[in-house]
Amino acid sequence: SLRHRLRPLGSADAGRVLLGRVLLRTQEPEKALAEFLKLPDPPDDERRRTELDCMIGEALLRLGRFSEAQARLGRGDLTSADPRRLVLLGDANLALNKIPEATDCYRRILAAESRNPFVHHRIAVCLLKSKSPELALDHCKQAVEISPEFAQAMYHAALACTRLRR
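Colleague: Quick question: what am I supposed to make of the overall build of the protein chain here?
Modeller: Check the secondary structure of the protein chain and you find 10 helices and zero strands. Shown N-terminal to C-terminal, the secondary structure of the protein chain runs as helices and strands in the order α-α-α-α-α-α-α-α-α-α. Expressed along its principal axes, the backbone C-alpha trace of the protein chain runs to roughly 60 × 30 × 30 Å. Residue pairs in contact within the protein chain that sit at least 24 positions apart in sequence constitute 44% of those at least 6 positions apart.

Structure representation (structure tokens):
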């Protein structure tokens, strides 16, 4: 829960986290990033550092600063990275057209969350970009099977079919 995450923070830092999250949700990533960058980097707490990296990485992604987001999200040990960090890192890699790296991030999530329609969709996008429409179509079908009203997955399934001439 949010209260559990904020407990070790001082009240000023907790306020910055909350304000930054509100600013992200209200489409003000520049202001959110400014708040997040005022937070101290917790060197001894991997969980808090990952959370801070995710918040900063998300703001950077929304600002179109993909290389900076990739660098921030990719630092540290990724062997046991949490799904949110992997999605954001995958999105940064995808935006930078680093398709194998993006695909790897998404596949690692899928290994733990096989019924995640959004991850299936992101893998499909990667596969379309890497000219594998047959496999992309399979992932789009899985995304739509899990979430029947997932319009983007339906669109990319149609795109895969077009490329397959079906």
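Colleague: For this particular structure, what's the right way to read the side chain of T103?
Modeller: As for its position among the elements, T103 is in helix α7 (residues 99–112). Judged by its relative accessible area of 11%, T103 falls in the buried class. Among the polar contacts listed, one links the side chain of T103 to the backbone oxygen of I99, at a separation of 2.8 Å.

Colleague: Quick question: what am I supposed to make of unusual backbone geometry here?
Modeller: Apart from glycine, the bulk of residues carry a negative phi angle, and the bulk of peptide bonds sit in the trans form. Even without glycine at this site, Q27 takes up a positive phi of about 65 degrees. By secondary structure assignment, the location of Q27 is in the loop between α2 (11–25) and α3 (29–37).

Colleague: I would appreciate a short explanation of the packing of aromatic side chains in the present structure.
Modeller: Any two aromatic rings considered together are summarised by their centre-to-centre distance and by the angle between their planes. Per the stated rule, a full pass over the model turns up one aromatic pair. Their ring planes at 55 degrees and their centres at 5.1 Å tell us that F118 and F150 sit as a pair that is tilted. Here F150 lies in the loop between α9 (133–146) and α10 (151–164) and F118 lies in helix α8 (residues 117–129), a separation of 32 residues in the sequence. Residue classification places F118 among the partly exposed positions, given a relative accessible area of 47%.

Colleague: Even after reading the chapter, I still don't get the pattern of salt bridges, so can you show me in this structure?
Modeller: Here the idea is simple: oppositely charged side chains can pair when their charged atoms come close. Enumeration over the complete set of coordinates arrives at 14 salt bridges. With a closest N to O distance of 3.2 Å, D41 and R75 form a salt bridge. With D41 in the loop between α3 and α4 (46–62) and R75 in the loop between α5 (66–73) and α6 (83–95), this pair connects stretches of sequence that are 34 residues apart. The partly exposed category is assigned to R75, whose relative accessible area is 29%. For R122, the salt bridge goes to D91, with nearest N and O atoms at 2.8 Å.

Definitions and limits used
Throughout, residues of each chain are indexed from 1 in the direction in which the sequence is written. Selection of residues for local features in this predicted model requires a pLDDT of at least 70, selection of side-chain atom pairs for listing and counting requires 80 or more, and totals for whole chains, interfaces and linings are taken over all residues. Computation of side-chain values: all heavy atoms of the structure, hydrogens and water removed. The helix and strand labels rest on DSSP assignments: H or I over at least four residues marks a helix, E over at least two residues marks a strand, and numbering proceeds from the N terminus. Contacts are assigned to residue pairs that have any heavy atoms within 4.5 Å of one another. Accessible area is worked out with a 1.4 Å probe on protein chains only. A residue is then buried under 20% of its type maximum, exposed over 50%, and partly exposed in between. Polar contact is the term for a pair of N or O atoms within 3.5 Å; when the atoms are in protein, one must be able to donate a hydrogen and the other to accept it, and sequence-neighboring residues count only if both atoms are side-chain atoms. For Phe, Tyr and Trp, where Trp contributes only its six-membered ring, two rings pair if their centres lie within 6.5 Å, and the inter-plane angle classes them as stacked under 30 degrees, edge-to-face over 60, or tilted in between. Salt bridge, as used here: a side-chain nitrogen of Lys or Arg that lies within 4 Å of a carboxyl oxygen of Asp or Glu.

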